[in-house]
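Coordinate inspection notes
Spelled out, the chains give:
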Amino acid sequence: LAKRVLNQKSNQGHDKLHEVVKATQSLDRFFLHPIFGLLLFVLIMTALFTSIFWLAAPLMDVVDGFFGELNAFVGSWAPGALWTDFLANGVVSSFGAVLVFVPQIFILFLGIGILESTGYLARAATLIDRPFSMVGMSGRSFVPVLSGFACAVPAMIATRNISSARDRWITTFIIPLMTCSARLPVYALLLAFVFKDQPAWKAGLALTALYFAAGFVGAVAAAIVNRFLPEGQNSFFMMELPLYRRPRMQVLLRQALTRTMSYVK
């Protein structure tokens, strides 16, 4: 009886795995399509970068309001005194000016984590391999370059997984040109000034344009560096495509929170 139960569970597991594989193959017909796949890639990246601004706007207002109230509360302790002015307008306002951008940083890390956990990141690397090959890189460079939008330091460390030394040099060179999380507060501050009293989606699209502009500048820089580096052995891009999986939001939220706290520290 126990053997029969084990066999039934094994057959159910095989059937479930077969369904997942079949669903993955069906989805890859769209996500890996040479035309529609690239369009979907642009739409997904646009949704990610746009959401950084408009999705974080309500949370940023909450953080900004909290530090505004805290500023007024501290300033009321001894109005006109130097030490209260230092605490209210120096310490509290300074912390508020930095922490108000934490929701955007968190959403950026969470979005990249979702793309990675669902298995789409490997598909994006496959799609981007041909455009990257025109400037001397391969699809292996996509993950470090995308990580450069979060932070350049771990992105440069991630280039160690690139087998070709030539590709590794070019990727490392252009990563600092990406819009990292340290530049995001500056862009957000300027966009909030330029698009004041306008719908948040306009500022979101402008932020998306800045992200794509950084990618374009990086591509131009990679093409220039590619001209000066000596020709090496051609590298072949091979990547095992994982099955599409449902992201575990609890794990993703914890990872995004840990990375965000590293940014705060």
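In this text, all values refer to a predicted model and were calculated from it rather than measured experimentally.

Conventions we followed
Residues numbered from 1 in each chain as written. Predicted model: local features only at pLDDT ≥ 70, side-chain atom pairs only at ≥ 80, totals over all residues. Heavy atoms only, no water. Helix = DSSP H or I, 4+ residues; strand = E, 2+ residues; numbered from the N terminus. Rg over C-alpha atoms; globule rule 2.2 N^0.38 Å. Buried < 20%, exposed > 50% of the residue type's maximum accessible area, 1.4 Å probe, protein only. Contact = heavy atoms within 4.5 Å. pLDDT = per-residue confidence, 0-100. Salt bridge = Lys/Arg side-chain N within 4 Å of Asp/Glu carboxyl O. Patch = residues over 30% accessible without salt bridge, like charges linked within 9 Å, V, L, I, M, F, W, Y side chains within 5 Å. Areas by Shrake-Rupley, 256 points an atom, 1.4 Å probe, with all protein chains shown as cover. Core = buried A, V, L, I, M, F, W, Y, C linked by side-chain atoms within 4.5 Å. Phe/Tyr/Trp six-rings, centres within 6.5 Å; stacked < 30°, edge-to-face > 60°. Lys NZ or Arg CZ within 6 Å of the ring centre and 35° of its normal. Axes fitted to C-alpha atoms, helices over the stretch in contact; angles between N-to-C directions. Parallel < 35°, antiparallel > 145°, perpendicular 65-115°, else oblique. Left-handed = near helix turned anticlockwise from the far one by under 90°. Nonpolar A, V, L, I, M, F, W, Y, C, P; charged D, E, K, R; others polar. Arc of directions from axis to C-beta.

Here the focus is the overall build of the protein chain. From N to C terminus, the protein chain includes 12 helices and zero strands. Counted from the first residue to the last, the protein chain has its helices and strands arranged as α-α-α-α-α-α-α-α-α-α-α-α. Rg of the C-alpha trace for the protein chain: 23 Å, well past the compact-globule value of 18 Å for 265 residues, more than 25% over. Projected onto its principal axes, the C-alpha coordinates of the protein chain cover approximately 75 × 65 × 35 Å. The proportion of buried residues among the 265 residues of the protein chain is 35%. In the protein chain, the proportion of contacts linking residues at least 24 apart, taken out of those at least 6 apart, comes to 75%.

Take the side chain of threonine 24 next. As for its placement among the helices and strands, threonine 24 is situated in helix α1 (residues 2-31). Judged by its relative accessible area of 6%, threonine 24 falls in the buried class. In contact with threonine 24, other than residues within four places in its own chain, are Arg123, Pro242, Leu243 and Tyr244.

Moving on: the confidence of the model for the protein chain. With 92% of its residues at a pLDDT of 70 or more, the protein chain shows a mean pLDDT of 85. Mean pLDDT per element in the protein chain: α1 is the minimum at 70, and helix α4 (residues 82-99) is the maximum at 92.

Applying the stated criterion across every chain, the model contains one salt bridge. The salt bridge partner of arginine 123 is aspartate 28, with a shortest N-O separation of 3.0 Å. In this pair, arginine 123 sits in helix α6 (residues 120-133) while aspartate 28 sits in helix α1, placing the two residues 95 residues apart along the sequence. Neither arginine 123 nor aspartate 28 differs from the other in exposure class; each is buried.

Turning to a nonpolar patch on the surface, a few remarks are in order. Taken together, the side chains of Leu177, Phe216, Val217, Val220, Ile224 and Phe228 present a nonpolar region at the surface, about 610 Å² in accessible area. Relative accessible area serves as the criterion here: at 59%, phenylalanine 216 is assigned to the exposed category.

Below, the discussion takes up the nonpolar core. The biggest cluster of nonpolar side chains holds 48 residues, and the ones touching the most others in it are Phe41, Ile52, Phe142 and Tyr211. When residues of this core are traced back to their parent elements, those giving at least two are α2 (36-54), α5 (102-118), α6, α7 (142-148), α9 (165-174), α10 (184-194), α11 (200-228) and α12 (249-264). Once residues lying within four places of it in the same chain are set aside, the contact partners of phenylalanine 142 are Phe41, Leu121, Ala124, Ala125, Ile128 and Phe132.

Moving on to the packing of aromatic side chains. This model, assessed by the stated rule, comprises 10 aromatic pairs. With a centroid separation of 5.4 Å and an interplanar angle of 50°, the aromatic rings of phenylalanine 49 and phenylalanine 149 are classed as tilted. Linking phenylalanine 49 in helix α2 with phenylalanine 149 in the loop between α7 and α8 (152-158), this pair joins segments that are 100 residues apart in sequence. Ring geometry for phenylalanine 149 and tyrosine 211: centres 5.3 Å apart, planes at 50°, overall tilted. Of this pair, phenylalanine 149 sits in the loop between α7 and α8 while tyrosine 211 sits in helix α11, placing them 62 residues apart in sequence. Tyrosine 211 carries the same exposure label as phenylalanine 149, and that label is buried. Across the ring face of tyrosine 244, the terminal group of arginine 123 is positioned such that the distance to the ring centre comes to 4.2 Å.

This part takes up the packing of α10 against α11. Contact geometry for α10 and α11: axes closest at 10 Å, N-to-C directions at 140°. Judged on the interaxial angle alone, α11 and α10 are oblique. At the point where α10 passes α11, the crossing takes the right-handed sense. Taken together, the residues of α11 that come into contact with α10 (itself represented by Leu184, Tyr187 and Leu191) are Ala203, Ala206, Leu207, Leu210 and Tyr211. Residue composition of the contact of α10 with α11, by class: eight nonpolar, no polar and no charged.

Turning to the packing of α9 against α11, a few remarks are in order. Between α9 and α11, the least distance of the axes is 9 Å, while the angle of their chain directions is 140°. Relative to α11, the element α9 is oriented oblique. The handedness of the crossing between α9 and α11 is right-handed. Packed against α9, whose contacting residues are Arg166, Ile170, Phe173 and Ile174, the element α11 presents Gly218, Ala221, Ala222, Val225 and Asn226 at the interface. Of the residues in the contact of α9 with α11, the class split is six nonpolar, two polar and one charged.

To continue, consider α10. For an α-helix the count is 3.6 residues per turn, leaving residues at separations of three or four pointing the same way. Residues of α10 that are buried include every one of Leu184, Pro185, Ala188 and Leu191, and no others. Down the axis of α10, the sector holding all buried residues measures 130°, keeping them to one side. Among the exposed residues of α10, those oriented more than 90 degrees off its buried face are Leu189, Leu190, Phe193 and Val194. Each element contacted by the buried residues of α10 is listed here: α2, α5, α11 and α12.

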